[in-house]
Amino acid sequence: MGNFFKSIFKVISGLFKSKVKPVPVEIPAPIEPVIVSVPTTPSVPEVPEDLEVPDNPANDNIDPHKPDDGGDYTTYPADEEKLYYPKAIRSDLKLRTRGDYKYKYPQGAVVHFTAGRGRNKKEGGVKNAATHLEMGKRSIASEASNQAYAYFIIDRSGNVHQNFPLNRWGYHAGESSWKGLSGSVSDELVGIEIQSDGKLQGYFQDSENGTKYDCPEGKLAAWYTRTKSGDLLFDKVTESRYSENNANIQKGWYHIYTPEQEEALLELLIWMKRNNPDVFNLNYVLGHDEVAPTRKNDPGAALSMTMPEFRKKIDDEYKKRYPLK
Ligand SMILES: [Zn+2]
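My aim in this report is to walk through the structure given alongside it, one point at a time. Just so it is clear, the structure is predicted and the values come from calculations on it, not from any experiment.

### Quick word on the overall build of the protein chain
On a plain count of helices and strands, the protein chain comes out with 6 helices and 15 strands. Taken over 325 residues, the protein chain has a buried fraction of 38%. Partitioning the contacts of the protein chain with sequence separation of at least 6, the portion at a separation of at least 24 is 72%.

### Remarks on the nonpolar core
Among the nonpolar cores identified, the biggest contains 49 residues, and Ala109, Val110, Ile154 and Ile192 are the most heavily contacted of them. Examining the composition of this core, we find that 5 residues originate from one element, helix α4 (residues 259-275), more than from any other.

### Focus: the pairing of strand β3 (residues 108-113)
By the criterion of burial, β3 is predominantly enclosed, with 6 of the 6 residues buried. In β3, alternate side chains face the same way, and those of Gly108, Val110 and His112 on one face and Ala109, Val111 and Phe113 on the other are all buried. Relative to strand β7 (residues 189-194), β3 is paired through 6 bridges, and the arrangement is parallel. For Val110, the partnering residue across the bridge sits in β7 and is Gly191. Strand direction decides the pairing type here: β3 and strand β15 (residues 285-287), joined by 3 bridges, are parallel. Note on β15: the bridge partner recorded for Val110 is Leu286.

### Examining the environment of Ala88
In this fold, Ala88 is placed in the loop between α2 (80-83) and β1 (89-90). The sequence separation of Ala88 and Ile153 amounts to 65 residues, and the corresponding C-alpha distance is 9.5 Å. Residues in contact with Ala88, not counting those within four places in the same chain, are Val160, His161 and Gln162.

### Description of the sheet that holds strand β13 (residues 240-243)
Spatially, the 3 strands line up as an open sheet ordered β8-β14-β13, and their pairing is antiparallel. The open sheet has two free edges, formed respectively by β8 (199-200) and β13, since each of these has just one partner strand. Pairing geometry for β8 and strand β14 (residues 252-255), over 2 bridges, is antiparallel. Paired with Lys199 across the bridge in β14 is Tyr254.

### Quick word on the environment of Asp214
Take Asp214: it is sitting in strand β10 (residues 212-214). C-beta crowding within 10 Å serves as the criterion here: with 11 such atoms nearby, Asp214 is assigned to the exposed category. Considered as a pair, Asp214 and Tyr203 are 11 residues apart in the sequence and their alpha carbons are 4.3 Å apart. Excluding anything up to four places from it in sequence, Asp214 contacts Gly202 and Tyr203.

### Let's talk about the sheet that holds strand β5 (residues 160-162)
Pairing in this open sheet of 6 strands is mixed, and the strands run β1-β5-β4-β7-β3-β15 from one edge to the other. In the strand order of this sheet, the two ends are held by β1 and β15, each with one partner. Relative to the sheet, α4 contacts β3, β4 (152-154), β5, β7 and β15, its axis offset from that of β4 by approximately 150°.

### Brief notes about α4
A rise of 1.5 Å per residue sets the reference length of α4, with its 17 residues, at 24 Å; its end C-alpha atoms lie 24 Å apart and thus fit the reference within 8%. For α4, the secondary structure elements touched by its buried residues are β3, β4, β5, β7, β15 and α6 (307-321).

### Side note on unusual backbone geometry
Omega for the peptide link from Asp298 to Pro299 comes to 5°, which places this bond in the cis form. Tracing the backbone through its elements, the reader meets Pro299 in the loop between α5 (288-291) and α6. The phi torsion at Lys104 lies on the positive side, around 60°, for a residue other than glycine. Inspection of the secondary structure assignment puts Lys104 in the loop between β2 (99-100) and β3.

### Focus: the environment of Pro86
Summarising the element assignment, Pro86 is placed in the loop between α2 and β1. Sequence separation between Pro86 and Gln162 is 76 residues, and the spatial gap between their C-alpha atoms is 9.9 Å.

Reading the values: rules and limits
- Residues numbered from 1 in each chain as written.
- Predicted model: local features only at pLDDT ≥ 70, side-chain atom pairs only at ≥ 80, totals over all residues.
- Helix = DSSP H or I, 4+ residues; strand = E, 2+ residues; numbered from the N terminus.
- Buried ≥ 20, exposed ≤ 12 C-beta atoms within 10 Å, placed from the backbone.
- Contact = placed C-beta atoms within 7 Å.
- Core = buried A, V, L, I, M, F, W, Y, C linked by C-beta atoms within 7 Å.
- Pairing = 2+ DSSP bridges.
- Axes fitted to C-alpha atoms, helices over the stretch in contact; angles between N-to-C directions.
- Expected span 1.5 Å × (residues − 1).

Written out as structure tokens, the structure is:
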């Protein structure tokens, strides 16, 4: 810059400085986390869109094109052995079924997570498996009302709870599709709800004013986490799994299924195949995130592998146990 320009610049910037008053910068007061109490009856707060809440009518609205014979959970068929998993605990969850499957048996399954409130300090949190299941069931029941249903629930200990005989279908997948199946898969594939608190995140919000707080080092929060109480946070290393986008998995952190749950899921699917091999197709064991990828993220990385890998695993195991003669 020549001297001439330098001096012009000096004059201009001098004028500028003298005319402009300094803008007071607001320094935020240090934020103290507010500990809010968790209501006993969960009133569901606003939920970020990318987090799955228990399947509910808003997300998984009913499909008017599907038949509805007005049946309910009291419709018990005569042939119970084929229609109830022998290892299952018969559940008392009262939800409505819609009709018989086309082949009186599901052609496959959809793997879900409940994304329920698994942790609630007042209820004893995850230390109490029964409570955890109750919380899962309660959130399924309250969210789903009589619009959707949970056919199987696999609790954190790996117990399988069965609510309906295997000839009856109900809504669980919402708007969904898969090659070879009709427009919406609920009346073709059985829903398996696996208890997991779903997608996790590095922050949580104050329920009153919406202020966001970062989780403590090494911890993650669920969609319902509203306090810094340890019970409501998840350990990154032992309870969570991160994945990039990979096959069905949508990038992010997930509350992992327990090894017991994965084992129970595998055994249940192998039994369902063996029980009716002509109808149940292992290629139709699908993630909710595969049949409704724009709306759903379950199971994502809650499962320790992608869904294509999982299908291969079930198929390999099935062939090993029941080789074709
Ligand atoms: Zn789902």
